[in-house]
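# A closer look at the structure
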Amino acid sequence: MSPEGVEGSDLLHGAILYLDGITVSFDGFRALDGLSLTIDRGELRCIIGANGAGKSTMMDVVTGKTRPDAGVAFFDRHHDLLAMSEADIAMAGIGRKFQKPTVFTNLTVRTNLELAMRDDRSVWRSLRARLDGEQRDRIEETLESIGLHLLADADAGTLSHGQKQWLEIGMLLMQDPKLLLVDEPVAGMTHQETERTAELLVSLAGGRSVVVVEHDMEFVRSIARRVTVLHEGRLLAEGDMESVQNDPRVVEVYLGTPC
Amino acid sequence: MTSVANRTVASRLAGHHDLLVTGALGIAVLVVPILALTVPEGSALHLSTFSVTLLGKYLCFALLALAVDLVWGYCGILSLGHGAFFALGGYAMGMYLMRQIGDRGVYGNPILPDFMVFLDWQELPWYWWGFSSFPFSMAMVVAVPGLLALVFGWFAFRSRVNGVYLSIITQALTYALLLAFFRNEMGFGGNNGLTDFKEILGFDLQADATRVGLFVTTALVLIASYTVTRGVVSSRFGRVLVAIRDAEDRMRFLGYRTEHYKLWAFVLSGVIAGVAGALYVPQVGIINPGEFAPLNSIELVIWVAIGGRGTLHGAIVGAILVNFAKTWFTGLLPEAWLFVLGALFVMGTLFLPRGLVGLVSRRER
Ligand SMILES: Nc1ncnc2c1ncn2[C@@H]1O[C@H](COP(=O)(O)OP(=O)(O)OP(=O)(O)O)[C@@H](O)[C@H]1O
Ligand SMILES: [Mg+2]
C-alpha cells in the first residue's frame, strides 16, 4: 500500500515518520490504542507519558520488533514499515537506542562502533571488510565525542551504566540514520552527562530527525520544541512545552502526579 | 590504559596459541613418520601403527571439535547434532572405499558391495553412482554435510529457532538419521554399515605407510582448517558472530540479517565436521549408524567445554585430552567412562568456566 492511498496522506508531505491508527494488544490489553503521530523532517520531538503509557511499544512498532494489530506506519515517504524486517528498517535509516542499554559486552568499545557503522552488511563483505582511513577516523571522532576514547579497547561489558548509554549513542551516530529513536537516554547519567547529552541531541536534530522518550522533565524542557504526551496508548496532547504543561488533561494524568 | 595493555597481552597470547597449535601439529607431521617407519620396532622410540591410528583418530575428533566451537563458541548455536555431519562425511568416504573393493568381496561381485548382493539387489542404486571416483567422492564429503547444514540452518534460523529448542531439534535430526541408516532398504549397509575396506587410492589400508599417510593428511587438514577458521573468526564476520551470540536482537536493529551469518557459519562448520568424518573412516576401518547416536554429539560438545569454548585452540586441546583420557580410562573401567565424562564436565563448568586453556591465559593475564 502506498502512502498516497492512505487517508490523510498529505500529512506525509515533509514528514519523515507517519503513524496512523496504530493498535497493539497484548492478551487483550491495549498497549497502543489507535495512536496517530507524525514526525517532521529535521524535527526534535520529545515524547512523555507515565510508566506503561506505550512509549517503548511505539518504538517497537516503528523498528519492526512488534507488529501492530491495526494501523499504518510509513517512513521517508515510500517505506511501509509494517511490511519490513527489523534489518531492512534499520538499513532504510531508522536507528534506535533502547531503554535498557544493550551493547555487545564481549567486544571492545571500538568494535561495537565498528559493527554499528553504516556499511555493507552482507556476509561476503564482512569476511573481507577492512576499515579504511576514513572509517577509522569516523570511529575515532565518535569515540572522542562520546568521551570513551580512553576506553576504546576495553570490553563493553566493563563499562558503567552511564558509559553504556554513551556507547549506545555512539553506535547510533555510527549508524548515521535519518531518524533516531532514543528511549530514555539520560537514565543513570550524572547532571553533567545529562547536559552533554542534551547538547548532542540538539546538535543532531536538523540534519536528521530525533524522537526522544524521557521521564526527566528538566531534560525534556531543556531540549524540547514540540512535546507529545501519551496516555494509555493514546495521544493525549501535543504542542510546545508550555501549552502542554498548561493543558488541564495533561496536568491531571501526568504532570499532576509526582514522578 | 591498563585495559589497552591487557588487550595487547591477550592478542599476543592469541598469536602464541596459533603458533603452538600449528607448530605442534607440524612437528607431529615430521616426527610421527620417522618414529613409525624408520625407527626399528624393538626400539623404545618406535611408534606402533596402532598408536599412529589412535593419534589420527584424536586429530579427527579435534577437527570435529573445531567445527562445533565455531558455531557454539563464537555464535552461541549449541548444536547437539554435529555427529550427523561427521557421520555423513564418513559415509561418503565409506562408499568410495566400498567401491574400491571391487570383486575382492566375499561374493566377488565387481559392481555391487557384499551387503547388496546379500539383499539380492540387482543393480547399484543411483545414489551410489560416481562413488568409484575419488574426486567425486571427496566432493560429496563436502557437499552432503554442507547441503544438510544449509537446508536445516535455513529453516531453523529463518524461523528464529534458538537456544534449547535448537539443541533439541539438532538431537532429533541426528536421531532421525540414525534410524534411517539402520534400515537395510536405505542401501547403506544397515546395522553393519560399511566395512572390510581394502584400499584408498590404490594404497593398502592395512599397510603401515598408508596409516602414517592418513595421519599426516589428517594433521595437515587440521592445520589448514584451524588457519581458515581462525581467519574467519578474526574477520568482521567473526565479530558479527560474537555480537549475535551476545545480543542477536540488537544486531537486527543495527541492520544485520543475523540468520544469514548464522547460516554460513553453520554450513562451514558442517563441512568441517564432514571432512573430519571422512578422515576418520579409513583409519578406523568402519562406518555404521552408531556414529549418528545422539550421545556422540553431546560428548563432543563436552570436549569443547572442557578445552575452552570460543577459542578454537581450546576445542582442539579438549578433544585430544578427553579422548586420550577416554582411551586410558576405558582400558581400566569401561563402564565408568560416561560417569567420568559427566564429572569432568560438571567440574569443568564449575571450576574452569573458560576451560583448560582459560587456565593458562588467566595466569598470563
Ligand atoms: N511484550 C509485552 N507483553 C505484554 N505486555 C507488554 C509487552 N510489552 C509492553 N507491554 C505492556 O504494554 C504497556 C506499555 O508498555 P511500554 O513499555 O510501551 O510503556 P512505556 O511508556 O515505555 O513505559 P516506561 O516509561 O515504563 O518505559 C505496559 O503496560 C506494558 O506492561
Ligand atoms: Mg519504556
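Our structure is the block above this text.
Here is a short report on the structure shown in this document. Quantities reported herein were computed from a predicted structural model and do not represent experimental measurements. (Residues numbered from 1 in each chain as written. Chains lettered and ligands numbered in written order. Predicted model: local features only at pLDDT ≥ 70, side-chain atom pairs only at ≥ 80, totals over all residues. Heavy atoms only, no water.)

## Remarks on the environment of Val151(B)
Among the structural elements, Val151(B) can be located in helix H5 (residues 134-158). Spatially, the C-alpha atoms of Val151(B) and Leu263(B) are 9.2 Å apart, while their sequence positions differ by 112 residues. (Helix = DSSP H or I, 4+ residues; strand = E, 2+ residues; numbered from the N terminus.)

## Some remarks on the side chain of Asp183(A)
All names here are of chain A. Topologically, Asp183 is positioned in strand E7 (residues 179-183). Buried within the structure, Asp183 lacks any salt-bridge partner; its nearest side chain of opposite charge belongs to Arg96, at an N-O separation of 4.3 Å. One polar contact links Asp183 to Ser56, side chain to side chain, over a distance of 2.7 Å. Apart from the residues lying within four places of it in its own chain, the contact partners of Asp183 are Ser56, Met59, Arg96, Lys97, Phe98, Gln99 and Val213. (Buried < 20%, exposed > 50% of the residue type's maximum accessible area, 1.4 Å probe, protein only. Lys, Arg positive; Asp, Glu negative; His and termini not counted. Salt bridge = Lys/Arg side-chain N within 4 Å of Asp/Glu carboxyl O. Polar contact = N/O pair within 3.5 Å; in protein donor to acceptor, adjacent residues only side chain to side chain. Contact = heavy atoms within 4.5 Å.)

## Quick look at the coordination of the magnesium ion (ligand 2)
Each pair of donors in an ideal octahedron of six around a metal sits at 90 or 180 degrees, and each pair in an ideal tetrahedron of four sits at 109.5 degrees. All names here are of chain A. Surrounding the magnesium ion (ligand 2) are the protein donor atoms Ser56 (OG) and Gln99 (OE1), at 2.0 to 2.2 Å. With Ser56 in helix H1 (residues 55-63) and Gln99 in the loop between strand E6 (94-97) and helix H3 (109-116), this pair connects stretches of sequence that are 43 residues apart. Classification of Gln99 by relative accessible area gives partly exposed; the value is 39%. (Donors = N, O, S within 2.8 Å, 3.2 Å for Na, K, Ca; no water.)

## Looking at the pattern of salt bridges
Close approach of charged atoms allows side chains with opposite charge to pair. Residues and elements named next belong to chain A. Overall, the coordinates contain 28 salt bridges over all chains when judged by the stated rule. The residue Arg45 makes a salt bridge to Glu43 at a minimum N-O spacing of 2.6 Å. The class for Glu43 is buried, based on a relative accessible area of 10%. The residue Arg226 makes a salt bridge to Glu43 at a minimum N-O spacing of 3.8 Å. Here the residue Arg226 occupies a position in strand E9 (residues 226-231), and Glu43 occupies one in the loop between strand E2 (29-40) and strand E3 (44-48), the gap between them amounting to 183 residues. Ionic contacts of the salt-bridge type, sharing partners, join the residues Glu43, Arg45, Arg226 and Glu238 into one network.

## Quick word on the packing of aromatic side chains
We describe a pair of aromatic rings using the distance from one ring centre to the other and the angle between the two ring planes. Throughout the structure, instances matching the rule amount to 23 aromatic pairs over all chains. Relative to Tyr261(B), the ring of Tyr256(B) has its centre 5.9 Å away and its plane inclined at 70 degrees; by these criteria the two rings are edge-to-face. Among the aromatic residues, those joined into a ring-pair cluster are Tyr91(B), Phe115(B), Trp126(B), Tyr127(B), Trp128(B), Phe181(B), Phe188(B) and Phe292(B). Arg196(A) extends its terminal NZ or CZ atom over the ring of Trp166(A), reaching a point 4.7 Å from the ring centre. (Phe/Tyr/Trp six-rings, centres within 6.5 Å; stacked < 30°, edge-to-face > 60°. Lys NZ or Arg CZ within 6 Å of the ring centre and 35° of its normal.)

## Observations regarding unusual backbone geometry
All names here are of chain A. With a phi angle near 50 degrees, Asp27 is a residue other than glycine that sits in the positive phi range. Along the chain, the position of Asp27 falls in the loop between strand E1 (15-26) and E2. Looking at Asp27, the relative accessible area reads 84%, which means it is exposed.

## A look at the site of ligand 1
Residue and element names in this part refer to chain A. Near ligand 1 lie 14 residues; those nearest to it are Asn51, Lys55, Ser56, Thr57 and His215. Between ligand 1 and Asn51 there is a distance of 2.8 Å, counted from an oxygen atom to a side-chain nitrogen or oxygen. Contact between ligand 1 and Gly54: an oxygen atom at 3.0 Å from a main-chain N or O atom of the residue. Compared with its free state, where it exposes 630 Å², ligand 1 has 63% of that area covered by protein. Among the elements that line the shell around ligand 1, the one with the most residues is H1, at three residues. Among the residues forming the shell around ligand 1, the class breakdown is five nonpolar, seven polar and two charged. (Near = heavy atom within 4 Å. Areas by Shrake-Rupley, 256 points an atom, 1.4 Å probe, with all protein chains shown as cover. Nonpolar A, V, L, I, M, F, W, Y, C, P; charged D, E, K, R; others polar.)

## A word on the sheet that holds E7(A)
Residues and elements named next belong to chain A. The six strands lie next to each other as E6-E7-E8-E3-E9-E10, forming an open sheet whose pairing is mixed. Across the chains shown, the open sheet's two edge strands, defined by having one partner strand only, are E6 and strand E10 (234-239). The average angle at which neighbouring strand axes cross in this sheet is 20 degrees, direction not considered. Here five bridges tie E9 to E10, and the two strands are oriented antiparallel to one another. Residue pairing for E10: Val229 is matched across the bridge by Ala237. Sheet contacts for helix H6 (residues 161-175): E6 and E7; angle to E6, the most-contacted strand, approximately 175 degrees. (Pairing = 2+ DSSP bridges. Axes fitted to C-alpha atoms, helices over the stretch in contact; angles between N-to-C directions.)

## Describing the interface of chain A and chain B
The partner chain B presents 26 residues to the 35 residues of chain A that form the contact. A combined buried area of about 2,800 Å² lies between chain A and chain B, and 58% of that area is made up of carbon and sulfur atoms. Taken together, the links from chain A to chain B amount to six salt bridges. Arg250(B) is the salt-bridge partner of Glu168(A), the closest N and O atoms lying 2.9 Å from each other. (Buried area = accessible area lost by both parts, 1.4 Å probe.)

## Structural notes on the pairing of strand E8 (residues 209-213) of chain A
Residue and element names in this part refer to chain A. Among the five residues that make up E8, five are buried, leaving the element largely enclosed by the rest of the structure. Side chains Ser209, Val211 and Val213 project from E8 onto one buried face, and the interleaved Val210 and Val212 project onto a second face that is buried too. Sheet topology places E3 next to E8; four bridges connect them, and they run parallel. Its bridge partner being in E8, Leu44 is matched across the sheet by Val210. Assessed by its sense of winding, the connection that carries the chain from E7 through helix H7 (residues 191-204) to E8 is right-handed. (Right-handed = clockwise from strand over helix to strand, strands pointing away.)

## Examining the packing of helix H7 (residues 208-234) of chain B against helix H9 (residues 258-284) of chain B
Residue and element names in this part refer to chain B. Where H7 contacts H9, the two axes come as close as 10 Å, and the packing angle between them is 170 degrees. On the basis of the axis angle, H7 is roughly antiparallel to H9. Across the interface between the two elements, Arg211, Leu214, Phe215, Thr217, Thr218, Val221, Thr229 and Val232 from H7 touch Leu268, Ile272, Val275, Leu279, Pro282 and Gln283 from H9. Each residue belonging to the contact of H7 with H9 can be placed in one class, and the counts come to nine nonpolar, four polar and one charged. (Parallel < 35°, antiparallel > 145°, perpendicular 65-115°, else oblique.)

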